[in-house]
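Each chain, written out:
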Amino acid sequence: MEKIFKNGYGDEKAFVKLIKAILESLEITHEIVVTGDRTKLRFYEGFDSWNYLTDYLFYLPEQNKYLAPHDMFYRYGSVSPEQTAMKGLFIKPEQITDYNYPVTRVAYIPEAPYQDNMNNLDITIDFDDDLINTNVDVKRTYTGTEASIYKYALSRIYEDQKKEMLEGLVEYLALTK
């Protein structure tokens, strides 16, 4: 963790250790989940292998939420769809005397409900009396996976770039047939 703070970056395992330390210091109940990308190699509990155990998540059972410590596109409560809709290896520390023992179980990682992931357009069009002029009001709403790329980008770009990005989204909408 010292390298993360010194250099400002770290690998996936370093971020897993950092998030684990933060959760423990805040006394937040959690489990480490080791899984993979279901589009490449699905978790198969009947075959002992590490090949499909490539990605780490945290599961917070009291909130019933997941966290991907290494994935810059997803925030608390939202993980990559490729890491859901399959099983994972859940590891929970169990305090026995002075030592934490890992207690493991295999469980299903549910996909996010479709209501949590949307790309909606609410469009209101008002025509004047002669039907020549129109007033168009467009509201576009992204949530969940659909919003992840924009949340990431907007948190890392300058104000003038944000305006340019938003204008680009509006232009795209105007040019779409």
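Everything quoted here is computed from the prediction, not taken from an experiment.

(A) Highlighting the pattern of salt bridges. Per the stated rule, a full pass over the model turns up three salt bridges. Close ionic contact of Glu24 with Lys20 constitutes a salt bridge, the shortest N to O distance being 2.3 Å. Remark: Lys20 and Glu24 occur in helix H2 (residues 12-25); sequence separation between them is four residues, near one turn of the helix. With a relative accessible area of 24%, Lys20 lands in the partly exposed category. The shortest N-O distance in the salt bridge between Lys162 and Glu159 comes to 3.2 Å. Residue Lys162 and its partner Glu159 are located together in helix H4 (residues 159-175), separated by three residues, close to a single helical turn.

(B) Spotlight on the environment of Ala147. Relative to the elements of secondary structure, Ala147 occurs in helix H3 (residues 145-154). For Ala147, a relative accessible area of 5% corresponds to the buried category. For the pair formed by Ala147 and Ser80, sequence separation is 67 residues and the distance between their alpha carbons is 12 Å.

(C) Region of interest: the packing of aromatic side chains. According to the stated counting rule, one finds five aromatic pairs in the structure shown. Ring plane angle 70 degrees and centroid distance 4.7 Å describe the contact between Tyr99 and Tyr101, whose orientation is recorded as edge-to-face. Assessed through its relative accessible area of 40%, Tyr101 is described here as partly exposed. In this structure an aromatic cluster arises from ring pairing among Tyr59, Tyr66 and Phe90. The ring of Phe90 has Arg105 lying over it, and the distance from NZ or CZ to the ring centre is 4.5 Å.

(D) How the structure looks around a nonpolar patch on the surface. On the surface, Leu121, Ile123, Ile125, Phe127, Leu131, Val136 and Val138 cluster together into a nonpolar patch covering about 650 Å² of accessible area. At the level of secondary structure, the elements contributing two or more residues to the nonpolar patch comprise strand S6 (118-127) and strand S7 (134-143). The dominant element in the nonpolar patch, judged by the number of residues it contributes, is S6, at four residues. By secondary structure assignment, the location of Ile125 is in strand S6. Taking relative accessible area as the criterion, Ile125 reaches 44% and is therefore assigned partly exposed.

(E) Structural context of the nonpolar core. Counting residues in hydrophobic clusters, the biggest one holds 13 residues, and the most contacted among them are Ile19, Leu23, Phe43, Leu53 and Phe58. Elements with a contribution of two residues or more to this core: H2, strand S1 (31-35), strand S2 (55-60) and strand S4 (86-96). Among the elements that make up this core, the one with the highest residue count is H2 (three residues). Excluding residues within four positions of it along the chain, Phe58 makes contact with Val16, Ile19, Lys20, Leu23, His30, Glu31, Ile32, Lys65, Tyr66, Leu67 and Pro69. Val33, Leu57, Tyr66 and Ala107 belong to the second-largest nonpolar core, a separate cluster that totals nine residues.

(F) Quick peek at the side chain of Ser148. Examined against the element boundaries, Ser148 turns out to sit in helix H3. Since its relative accessible area comes to 7%, Ser148 is described here as buried. In contact with Ser148, not counting residues within four places along its chain, are Phe73 and Tyr74.

Cut-offs and rules
- Just so you know, the residues in each chain are numbered from 1, in the order the chain's sequence is written.
- Side-chain atom pairs in this predicted model are given and counted only at pLDDT of 80 or more, local residue features only at pLDDT of at least 70, and totals for whole chains, interfaces and linings cover all residues.
- Calculated side-chain values reflect all of the structure's heavy atoms, with hydrogen atoms and water omitted.
- Criterion for a salt bridge: a side-chain nitrogen of Lys or Arg within 4 Å of a carboxyl oxygen of Asp or Glu.
- The helix and strand labels rest on DSSP assignments: H or I over at least four residues marks a helix, E over at least two residues marks a strand, and numbering proceeds from the N terminus.
- Remark: exposure states derive from per-residue accessible area (1.4 Å probe, protein chains only) relative to the maximum for the residue type, with buried under 20%, exposed over 50%, and partly exposed in between.
- In this scheme Phe, Tyr and Trp rings, the latter by its six-membered ring, pair at centre separations within 6.5 Å, and the angle between planes marks the pair as stacked below 30 degrees, edge-to-face above 60, and tilted otherwise.
- In our convention, an over-ring charge means Lys NZ or Arg CZ found within 6 Å of a ring centre and within 35 degrees of that ring's normal.
- Each patch is assembled from residues with relative accessible area greater than 30% and no salt bridge, linking like charges that lie within 9 Å and nonpolar side chains (Val, Leu, Ile, Met, Phe, Trp, Tyr) that lie within 5 Å.
- Residue burial considers only the protein chains on display, and all accessible areas are found by Shrake-Rupley using a 1.4 Å probe.
- For this analysis, a nonpolar core means a set of buried residues of the types Ala, Val, Leu, Ile, Met, Phe, Trp, Tyr and Cys, connected via side-chain atoms within 4.5 Å.
- Contact criterion: two residues are considered in contact whenever any of their non-hydrogen atoms come within 4.5 Å of each other.

Purely spatial values, then, with no claim about function.
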